[in-house]
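# Architecture and fold: a report
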Amino acid sequence: MTTAIYDPSPIQREFHLCDADEALLGGSGGPGKSWALLMDPIQTQVVSEHGRWMRREISESIGKAIHFRREYPMLSETLDRAHLTFPKIDSHVTWDGDTRTFRFQCGYKYQFAHMSQSSDWKIYDSNQYDHIGLDEAGQLEEEQFRRISKRCRSADPELRKIK
């Protein structure tokens, strides 16, 4: 597993190092906010989970991240980038198009989703995630944000982030 293909800028590095339960990254177009958000679970969770798995501290990661946009077509550029990048990080990563989920060799899952309708948060109401990424969070309704944020919980104390 390698993350050498991603060289975070100083602001992206600060974002990845933030240990708050919730973190925001803002600004005009171009500083790499979506790229940082895409890579945050890799930087903060997948690499360490892979290490735990390699050391046989865990038999399989129970970690799971989800990356949201308001509309599914808005995810196309992010998904293209993930399909190009993730196999370079983990040559054994697999993609399940039905669930829109990457599964890394250590077992960590990274899902991509949308909430176009006001009540779409209910689709995820019984799930738990260790990392929730809300790309362009300002496009979500307040109730969607509040409800989906409650899904960030983990049985593994090593994992938990909302960004």
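Here's a quick rundown of the structure. (Residues numbered from 1 in each chain as written. Predicted model: local features only at pLDDT ≥ 70, side-chain atom pairs only at ≥ 80, totals over all residues. Heavy atoms only, no water.)

### Some remarks on the overall build of the chain
When its secondary structure is counted, the chain shows 4 helices and 6 strands. Starting at the N terminus and ending at the C terminus, the chain contains elements arranged as α-α-β-α-β-β-β-β-α-β. A compact globule built from 163 residues would reach a C-alpha radius of gyration of about 15 Å, and the chain, at 15 Å, matches this within 12%. Across its three principal axes, the chain shows a C-alpha extent of roughly 45 × 35 × 30 Å. The buried share of the chain, taken over its 163 residues, is 44%. Pairs at least 24 apart in sequence give 67% of the contacts found in the chain among residues at least 6 apart. When the accessible surface of the chain is split by element, carbon and sulfur atoms take 47% of a total near 8600 Å². (Helix = DSSP H or I, 4+ residues; strand = E, 2+ residues; numbered from the N terminus. Rg over C-alpha atoms; globule rule 2.2 N^0.38 Å. Buried < 20%, exposed > 50% of the residue type's maximum accessible area, 1.4 Å probe, protein only. Contact = heavy atoms within 4.5 Å. Areas by Shrake-Rupley, 256 points an atom, 1.4 Å probe, with all protein chains shown as cover.)

### Some details on unusual backbone geometry
Comment: phi is negative for the bulk of residues other than glycine, and the bulk of peptide bonds are trans. With a phi angle near 65°, Arg56 is a residue other than glycine that sits in the positive phi range. Assignment of secondary structure puts Arg56 in the loop between α2 (33-54) and β1 (64-69). Positive phi outside glycine occurs at Arg100, with the angle close to 55°. Inspection of the secondary structure puts Arg100 in the loop between β2 (94-96) and β3 (101-103). Accessibility expressed as a relative area gives 28% for Arg100, which makes it partly exposed.

### Notes on the pattern of salt bridges
Applying the stated criterion across every chain, the model contains 8 salt bridges. With a shortest N-O distance of 3.7 Å, Asp125 and Arg151 are connected by a salt bridge. One end of the pair, Asp125, is in the loop between β4 (109-114) and β5 (131-134); the other, Arg151, is in the loop between α4 (142-149) and β6 (161-162), with 26 residues separating them in the sequence. Given a relative accessible area of 36%, Asp125 falls into the partly exposed group. A salt bridge links Arg147 to Glu143; the nearest nitrogen and oxygen atoms lie 3.5 Å apart. (Salt bridge = Lys/Arg side-chain N within 4 Å of Asp/Glu carboxyl O.)

### Describing the pairing of β4
The buried fraction of β4 is high, at 5 of 6 residues. Summarising the sheet, β1 and β4 pair through 6 bridges and their orientation is parallel. Bridge assignment links Phe68 to a residue of β4, and that residue is Ala113. Pairing geometry for β3 and β4, over 3 bridges, is antiparallel. (Pairing = 2+ DSSP bridges.)

### Regarding the packing of helix α1 (residues 10-17) against α2
Close contact between α1 and α2 brings their axes to 10 Å; oriented N to C, the two are set at 45°. Compared by their axis directions, α1 and α2 come out oblique. Here α1 runs over α2; the crossing is right-handed. Counting all contacts with α1, which are made through Gln12, Phe15 and His16, the residues of α2 involved are Trp35, Ala36, Leu37, Met39, Asp40, Gln43 and Thr44. Residues belonging to the contact of α1 with α2 are distributed by class as follows: 5 nonpolar, 4 polar and 1 charged. (Axes fitted to C-alpha atoms, helices over the stretch in contact; angles between N-to-C directions. Parallel < 35°, antiparallel > 145°, perpendicular 65-115°, else oblique. Left-handed = near helix turned anticlockwise from the far one by under 90°. Nonpolar A, V, L, I, M, F, W, Y, C, P; charged D, E, K, R; others polar.)

### Considerations on the packing of α2 against helix α3 (residues 76-89)
At a minimum axis distance of 11 Å, the contact between α2 and α3 shows a crossing angle of 35°. Handedness of the crossing formed by α2 with α3: right-handed. Contacts from Trp35, Leu38, Met39 and Ile42 of α2 reach α3 at Thr78, Arg81, Ala82, Thr85, Phe86 and Ile89. Each residue belonging to the contact of α2 with α3 can be placed in one class, and the counts come to 7 nonpolar, 2 polar and 1 charged.

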